Amino acid sequence: MKIPYFDAHCDTLSRMTYLPGAHLERHTGQWDLEKLSRFDGPKAQIFAAFYDSALPGAARAAERQMAVFHRECERNQDRAAPCTNAVQAEQAFADGKLAAFLSVEGAELLNCAVEKLDWAYAQGVRFVNLTWNHANALSGSHCDEPERGLSGQGRTFVRHMEQLGILPDASHLSDAGFWDLAECTNGPIIASHSNSRSVFFHTRNLTDEQFTAIIKKNGIVGLNCYAAFLGEGSVTMDDLRRHLDHFLALGGEKTVALGGDWDGCDRLLAGFAGNWSWLDFYEYLLRANYSEDLLQDLYFNNLMRTVRAVCTI
């Protein structure tokens, strides 16, 4: 059976934007097309426009990264296709190309404004994290004003996302914000790169109740490869597997996906170096008697199902 790849989060756009000589086909970071070519099934990646909003020029930086996304897809048009919906992604797979989706990590990069959200949608954005680590006008984050949930502006912003067909991403959001998000949306929500707080306590990880809420909303949760979210000290694939097993024990076989956080991590789990490391994890899980059907869901089907449900235009 061919090994597919659909990963919900990488920060490679910022590397390609600010590191001379870094391109989609090849660079020195954790994600590029050359590394991805080791997978023999359909391939898709969600690329995040990200910039620390505590620094000046954050909104302009996000605009620049979106331009880089389209430029790099054009530069590699024989290997990658920018996609906004499932139909386009299916065509990319049929053509043997990467289906490249665009997200924004932190709505402050859009000035937390519905008008800028409309602009981002026109640029191809189909996923938005309501916050990064900083609180903003929409909500508190997991580490900044964590007791604050969605504001009235935040609820309006989320409702407009849903009208457009943009998936709300709860990774980095405050707990209060998460529950407000779950309450005010009708469709799926995702946590693109978050692990289990029951397995390892970190405010970036999800509680069991949050994971179960995402199951009920037919969303997905992407396993994050950042060592600091997996455990203490030197963490291994055994630690990543514990997070996976806990999510599966909660009934998440159709919910858990990949969310590597590539080029956003300064310390990966031992033995992982980049997107191709998902191949090693696949083989590791096969040796541990995980079924091929489960792995196909984890590596592709679950996230693709959510894209089909929401990203229709």
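Presented here is a report on the structure given in the accompanying data block. Throughout, residues of each chain are indexed from 1 in the direction in which the sequence is written. Under the rules for a predicted model, residues below a pLDDT of 70 receive no local features and side-chain atom pairs below 80 are neither given nor counted, while totals for whole chains, interfaces and linings still include all residues. The basis for every side-chain value is the complete set of non-hydrogen atoms in the structure, without hydrogens or water.

Here the focus is the overall build of the protein. Comment: elements are numbered from the N terminus, with helices defined as DSSP H or I runs of at least four residues and strands as E runs of at least two. Helix and strand counts for the protein stand at eleven helices and nine strands. Radius of gyration (C-alpha) of the protein: 18 Å, near the 20 Å computed for a compact globule of 313 residues. C-alpha extents for the protein along the principal axes are approximately 50 × 45 × 35 Å. Burial here depends on accessible area, computed with a 1.4 Å probe over protein chains only, as a share of the maximum for the residue type. Under 20% is buried, over 50% is exposed, and the range in between is partly exposed. Classification of the 313 residues of the protein by burial places 63% in the buried group. For this analysis, residues touch if any pair of their heavy atoms sits within 4.5 Å. In the protein, once contacts between residues fewer than 6 apart in sequence are set aside, the share between residues at least 24 apart is 71%. Total accessible area on the protein stands at roughly 11,700 Å², and carbon and sulfur atoms take up 51% of it. With the radius of gyration taken over C-alpha atoms, the globule rule is written as 2.2 Å times the number of residues to the power 0.38. Accessible surface is estimated by sampling points in the Shrake-Rupley manner with a 1.4 Å probe; for residues, cover comes only from the protein chains shown.

The subject of this paragraph is unusual backbone geometry. With a phi angle near 65°, aspartate 261 is a residue other than glycine that sits in the positive phi range. Note that aspartate 261 resides in the loop between β9 (256–258) and α10 (277–287). Positive phi is not limited to glycine here, since aspartate 263 has a value of about 65°. With respect to the secondary-structure elements, aspartate 263 resides in the loop between β9 and α10.

Packed helix pairs are characterised by how far apart their axes lie and by the angle those axes make with each other. Angles here are taken between N-to-C directions and fall from 0 to 180 degrees, while the axes themselves are lines fitted to C-alpha atoms, restricted in helices to the stretch in contact. Two elements in contact, helix α6 (residues 152–164) and helix α7 (residues 175–184), have axes separated by 10 Å at closest approach and are oriented at 45°. One finds that α6 runs oblique with respect to α7. As for how α6 packs across α7, the hand of that crossing is right-handed. Residues Arg155, Val158 and Glu162 of α6 form the contact with α7, whose participating residues are Asp180, Leu181, Glu183 and Cys184. Gly is placed with the polar residues, together with every amino acid not listed as nonpolar (Ala, Val, Leu, Ile, Met, Phe, Trp, Tyr, Cys and Pro) or charged (Asp, Glu, Lys and Arg). Its residues assigned to classes, the contact of α6 with α7 shows three nonpolar, no polar and four charged. In what follows, roughly perpendicular refers to angles from 65 to 115 degrees, roughly parallel to angles under 35, roughly antiparallel to angles over 145, and oblique to any angle outside these ranges. Crossing handedness is read from the near helix: turned anticlockwise from the far helix by less than a right angle, it gives a left-handed crossing, and turned clockwise, a right-handed one.

Next up on the list: the pattern of salt bridges. Salt bridge, as used here, is a side-chain nitrogen of Lys or Arg placed within 4 Å of a carboxyl oxygen of Asp or Glu. For the structure shown, the criterion picks out 15 salt bridges. Arginine 26 is paired through a salt bridge with glutamate 34; the nearest N and O atoms lie 2.8 Å apart. Judged by its relative accessible area of 38%, glutamate 34 falls in the partly exposed class. The partner of aspartate 245 in a salt bridge is arginine 241, with the nearest N and O atoms 3.6 Å apart. Residue aspartate 245 and its partner arginine 241 are located together in helix α9 (residues 237–249), separated by four residues, close to a single helical turn. A relative accessible area of 29% means that aspartate 245 is categorised as partly exposed. On the basis of relative accessibility, which here comes to 26%, the residue arginine 241 falls in the partly exposed class.

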